[in-house]
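The residues making up each chain are set out below.
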Amino acid sequence: MSEQANPFESLQEQIDDAAEYIDASDDVLERLKHPERVLETNLSVEMDDGSIEVFKAFRSQFNGDRGPYKGGIRYHPGVSRDEVKALSGWMVYKTAVVDIPYGGGKGGIVIDPNEYSEAELERITRSFATELRPFIGEDRDIPAPDVNTGQREMNWIKDTYETLENTTAPGVITGKALDSGGSEGRVEATGRSTMLTAREAFDYLDKEMADATVAVQGYGNAGWIAAKLLENLGAKIVAVSDSSGAVYNVEGLHARDVKGHKNETGSVVGYAGADEEFGNDDLLTLDVDLLVPAALENAIDGDLAREVQADVIVEAANGPLTPEADDVLTELGVHVFPDILANAGGVTVSYFEWVQNRQRFHWSEDRVNDELEGVIVDAFEDLTSAYEEHDLPNFRTAAYVVSLQRVIDAYTESGNWP
Ligand code: NAD
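Residues numbered from 1 in each chain as written. Predicted model: local features only at pLDDT ≥ 70, side-chain atom pairs only at ≥ 80, totals over all residues. Heavy atoms only, no water.

J.: If you had to explain helix α6 (residues 186-204) to someone new, which residues and values would you point to?
T.: For α6, with 19 residues, the first-to-last C-alpha span of 27 Å sits near the 27 Å given by 1.5 Å per residue. Roughly 30 degrees is the biggest bend found in α6, and it falls at R192. Burial of α6 is extensive: 15 of the 19 residues sit out of reach of the surface. Two residues or fewer past α6, D206 is found with a positive phi of approximately 60 degrees. (Helix = DSSP H or I, 4+ residues; strand = E, 2+ residues; numbered from the N terminus. Expected span 1.5 Å × (residues − 1). Bend = angle between axes of the 7 residues up to and from the residue. Buried < 20%, exposed > 50% of the residue type's maximum accessible area, 1.4 Å probe, protein only.)

So, in structure tokens, the structure goes:
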């Protein structure tokens, strides 16, 4: 994993790369390369033993020209101002590439949640929600789950917001539990868009998904669901990893059994159906048909990219390749299908959840999955059309060309407000 790559600089480079193919003025581009605002706050929270601990937290609102800011909240010791800025920028391009009416935002708390009790995490979350309250709202900024947060935290944020505002506003946050206004299909949505992107990519490249070998880095929400759904298509999941290491079986692992083992023991390591175990970086250089990075950003840098043997990479994680890795993989002819499309299922079903909340109407899981499939397939077609039409070097540039053009159009059509 690269220590040097700054995710915010990576985002800006990706925008510059795409801008080469677009008729956009420098001043518009400069505006679209920086967040509109970033909230930085210090939460003072009482611990179970009566002591007070201070936690740094951020919320970046990158661009709202196409709709309310939208993006997750992560709890991780590595959260930083630059990281949330970058992640909020990627959300702008992600919502634009799938053409849903949102801008981009992202937030996080610098914390290792494993070190705190549930009661402490609730107080920390409610404290953050109190700080966020003036900045968020159903038509303003709509947070969602991300690394180490889920329905529990979203429900706490919704409850804090609604209590302080003396209202009901389930659409202020997405990724809620079903009984609190959540959507069917939300939990599986990110992994589902990864599977759909891989399916469309294999079809586009004339490759067979049946018996295709797949390695998945990261076996959390996004990675494990992608593995399960790819296995349903007939692919062979030969390797998966988490922060403790990787497991491998050339004949294929059973995605559900590995998940069961991880639920019981806390890790994929030690899974009885594996015939080999190795370090998590080694998984990234396996000779497989499809590699799915589904952990954290910058997992593959330029040096590691030279050793990649996969034919196709579909990014479930946000920003798993450094720009150097991207260049190397383009040179090596590895087809990379980018995060802003391949993990856009999460934000797309978040959008469906928000639509249902606004309409006070609940969709069936089949309807959610069908609508999601339509969005991802349409976006994939837009991306490959741009790739062919502009003779672009890779599919990431194509995704940025499509989405940057949409954001530029919305920004310039709005005119300038001094
Ligand atoms: P998660 O916390 O559920 O899972 C992350 C997994 O990655 C865990 O299994 C963890 O052990 C593993 N991991 C961490 N470091 C690793 C390493 N060095 N090598 C191998 N594995 C490692 O998180 P998630 O929700 O699945 O998110 C994963 C990625 O997908 C993130 O980049 C996130 O931003 C992105 N994403 C998630 C969603 C969503 O709805 N969950 C939506 C869009 C994007």
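J.: Please give an account of the site of the ligand that cites residues and values.
T.: Near the ligand, the surroundings consist of 24 residues, among which T190, N221, A222, A295 and N318 are the closest. Between an oxygen atom of the ligand and a main-chain N or O atom of A222, the distance comes to 2.9 Å. Summarising the interface, the protein chains cover 85% of the accessible area of the ligand, which totals 820 Å² for the free molecule. Among the secondary structure elements, those contributing two or more residues to the shell around the ligand are α6, α7 (221-232) and β7 (236-242). Taken together, the residues of the shell around the ligand sort by class into eight nonpolar, 11 polar and five charged. A domain-level breakdown of the shell around the ligand finds at least three residues from each of domain 1 (32-180) and domain 2 (189-342). (Near = heavy atom within 4 Å. Polar contact = N/O pair within 3.5 Å; in protein donor to acceptor, adjacent residues only side chain to side chain. Areas by Shrake-Rupley, 256 points an atom, 1.4 Å probe, with all protein chains shown as cover. Nonpolar A, V, L, I, M, F, W, Y, C, P; charged D, E, K, R; others polar. Domains from an automatic or database assignment.)

J.: Please provide a residue-by-residue account of the environment of V110, values included.
T.: Assignment of secondary structure puts V110 in strand β4 (residues 104-110). For V110, a relative accessible area of 28% translates into the label partly exposed. Distance in space between the C-alpha atoms of V110 and Y75 is 6.2 Å, their sequence separation being 35 residues. Filtering out sequence-adjacent residues up to four positions away, V110 remains in contact with F55, K56, F58, H76, P77 and V79. (Contact = heavy atoms within 4.5 Å.)

J.: For the side chain of N318, give the residues involved together with the corresponding values.
T.: Counting through the fold element by element, N318 comes out in the loop between β11 (312-314) and α11 (323-332). Given the relative accessible area of 12%, N318 is considered buried. A distance of 3.0 Å separates polar atoms of two side chains, one belonging to N318 and the other to K94. Only 3.0 Å separates the side chain of N318 from the side chain of N343, close enough to count as a polar contact. Apart from residues no more than four positions distant in its own chain, N318 is found in contact with R74, L87, K94, K106, D146, L296, E297, D339 and N343.

J.: Help me get a handle on the packing of α6 against helix α14 (residues 365-389), residues and values and all.
T.: Close contact between α6 and α14 brings their axes to 10 Å; oriented N to C, the two are set at 45 degrees. The pairing of α6 with α14 is recorded here as oblique in orientation. Of the two elements, α6 crosses α14, and the hand of that crossing is right-handed. Residues A189, R192, S193, L196, T197, R199, E200, A201 and Y204 of α6 pack against N369, L372, E373, I376, V377, F380, T384, Y387 and E388 of α14. Of the residues belonging to the contact of α6 with α14, the class tally is nine nonpolar, four polar and five charged. (Axes fitted to C-alpha atoms, helices over the stretch in contact; angles between N-to-C directions. Parallel < 35°, antiparallel > 145°, perpendicular 65-115°, else oblique. Left-handed = near helix turned anticlockwise from the far one by under 90°.)

J.: Please provide a residue-by-residue account of the sheet that holds β7, values included.
T.: One open sheet accounts for seven strands, arranged β9-β8-β7-β6-β10-β11-β12; its pairing is mixed. A single partner strand is all that each edge strand has here, and the edge strands are β9 (276-278) and β12 (335-337). Averaged over all pairs of adjacent strands, the angle between their axes in this sheet comes to 15 degrees, without regard to strand direction. In this structure, β11 lies alongside β12, joined through three bridges in parallel fashion. Its bridge partner lying in β12, I313 is registered against V336. (Pairing = 2+ DSSP bridges.)

J.: Give a description of the pairing of strand β1 (residues 37-46) that names residues and reports values.
T.: As paired elements, β1 and strand β2 (residues 52-63) share 10 bridges and run antiparallel to each other. For V45, the partnering residue across the bridge sits in β2 and is E53. Hairpin connection between β1 and β2: a loop of five residues separates the two successive antiparallel strands, and G50 in this loop has a positive phi of roughly 90 degrees.

J.: Please set out a negative patch on the surface residue by residue, giving values where relevant.
T.: A contiguous patch of negative charge on the surface is contributed by E9, E13, D17, E20, E324, D327 and E331. Mapped onto the negative patch, the elements with two or more residues apiece are α1 (7-19) and α11. Inspection of the secondary structure assignment puts E20 in the loop between α1 and α2 (26-32). Accessibility expressed as a relative area gives 62% for E20, which makes it exposed. (Patch = residues over 30% accessible without salt bridge, like charges linked within 9 Å, V, L, I, M, F, W, Y side chains within 5 Å. Salt bridge = Lys/Arg side-chain N within 4 Å of Asp/Glu carboxyl O. Lys, Arg positive; Asp, Glu negative; His and termini not counted. Charge placed at Lys NZ, Arg CZ, Asp CG, Glu CD.)

J.: Now, about the side chain of Q356: what can you tell me, with residues and values included?
T.: The topology assignment puts Q356 in helix α13 (residues 345-359). Judged by its relative accessible area of 4%, Q356 falls in the buried class. A polar side-chain atom of Q356 sits 2.8 Å from the main-chain amide nitrogen of W363. In contact with Q356, other than residues within four places in its own chain, are S183, F361, H362, W363 and V368.

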